[in-house]
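Here is how the chains run, residue by residue.
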Amino acid sequence: MKHLTVTAFAVLFAVGSLASAPTAGAQQTFVNIGTGGQTGVYYVVGQSICRLVNRNTDEHGIRCTAPSTGGSVANLNALRAGEQEMGVAQSDQQYNALNGIGAFADAGPMEELRAVFSVHPEPFTVVARADSGIETFDDLVGKRVNIGNPGSGQRATMDMLMELRGWSRGDFRLASELRAAEQAQALCDNRVDAIIYTVGHPNGSIQEATTSCDTRIIAVTGDDIEQLAADNPYYAIATIPGGMYNNNPDDVQTFGVGATFVSTTHVSEDVIYAVVKAVFENFDRFKRLHPAFANLDEAAMITNGLSAPLHDGAVRYFTERGWM
Ligand code: GLU
């Protein structure tokens, strides 16, 4: 069976299109990368890519920014609306957007979506207060749970899980919709019993939730979860390593997705080529920018977790490197 470990799985991300990149001295091309909350990892992915791209603006004319956003679903919707050129998105949400299902059922298939490469693994992570009585994922029923802001990937994944287990929002004592950056504090202020986050590890949000108060990471397992991972290439069984977080010494099994970098056919080949090149020609530097990137591997990044066709600009670069 597939097993996604925090150290071994990489997802692809796709980049968006623009007009052709101007040459030196010409007008600048501005590109925007959609990320996530500031205490997550997507924000660092976007900021890191932009930092590498902007070192060579003189050469390719591209100027990159990566603001905080609501997360995967918000990024995919913004790409579709032409409000962003690139974005980070969970592998399950990339698949759903491409096919017009789940959170994208009303919008329909996003044929213009393109994958660029995959990044880090994202285990679905549940953290509960130690005094909440929550020991298993099913114990969330009847409790105060932050199910995440609409637009976030974790909310979309949680909606899928709730359907799988036959739960509705009314089954929780409270189903709050706080953004990722707000939820660790809500947990430690005892405003909720548990939080969920689909996210790379380690990250600032779970660090806050495990150091500011007494909490435990809850396993998400079961035959239905095993089946999910077996049936869908964008899901895998995952482990959150013991000892990574305060008071959580043991490995915790869950399932996960991959973070992917995506764009659309509306963004030019030259722009995506320049962005991909900036990342892979500075790969060691990129990997040092966040501990969740430490085990990224080029070969996995161009194959894992990508549902949409690769962007032409990515194909050009990968071909040049002899990777495909
Ligand atoms: N997976 C989350 C989402 O899709 C974001 C995680 C992060 O910001 O690192 O919204």
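See the structure above.
The structure presented is a predicted model; accordingly, all values stated were derived computationally and were not measured. (Residues numbered from 1 in each chain as written. Predicted model: local features only at pLDDT ≥ 70, side-chain atom pairs only at ≥ 80, totals over all residues. Heavy atoms only, no water.)

A. Summary view of a positive patch on the surface. A cluster of basic residues, Arg 51, Arg 55, Arg 285 and Arg 288, forms a positive patch at the surface. Its relative accessible area of 55% is what places Arg 51 among the exposed residues. (Patch = residues over 30% accessible without salt bridge, like charges linked within 9 Å, V, L, I, M, F, W, Y side chains within 5 Å. Areas by Shrake-Rupley, 256 points an atom, 1.4 Å probe, with all protein chains shown as cover. Salt bridge = Lys/Arg side-chain N within 4 Å of Asp/Glu carboxyl O. Lys, Arg positive; Asp, Glu negative; His and termini not counted. Charge placed at Lys NZ, Arg CZ, Asp CG, Glu CD. Buried < 20%, exposed > 50% of the residue type's maximum accessible area, 1.4 Å probe, protein only.)

B. Structural context of the state of the cysteines. All chains considered together, the criterion is met by two disulfides. A sulfur-sulfur separation of 2.0 Å characterises the disulfide bridge that pairs Cys 50 with Cys 64. An S-S torsion of about -55° defines the bridge between Cys 50 and Cys 64 as left-handed. Separated by 14 residues along the polypeptide, Cys 50 in helix H1 (residues 42-54) and Cys 64 in strand E4 (residues 62-65) bring together distant segments of the chain. Residue Cys 50 shares its accessibility class with Cys 64, and that shared class is buried. The partner cysteine of Cys 188 in its disulfide is Cys 213, sulfur to sulfur 2.0 Å. Across the S-S bond of Cys 188 and Cys 213 the torsion is about -70°, and the bridge reads as left-handed. Here Cys 188 is found in helix H6 (residues 180-188), whereas its partner Cys 213 is found in the loop between helix H7 (204-211) and strand E10 (215-218), with 25 residues between them in sequence. In this structure, Cys 188 and Cys 213 share a single accessibility class: buried. (Disulfide = S-S within 2.5 Å. Helix = DSSP H or I, 4+ residues; strand = E, 2+ residues; numbered from the N terminus.)

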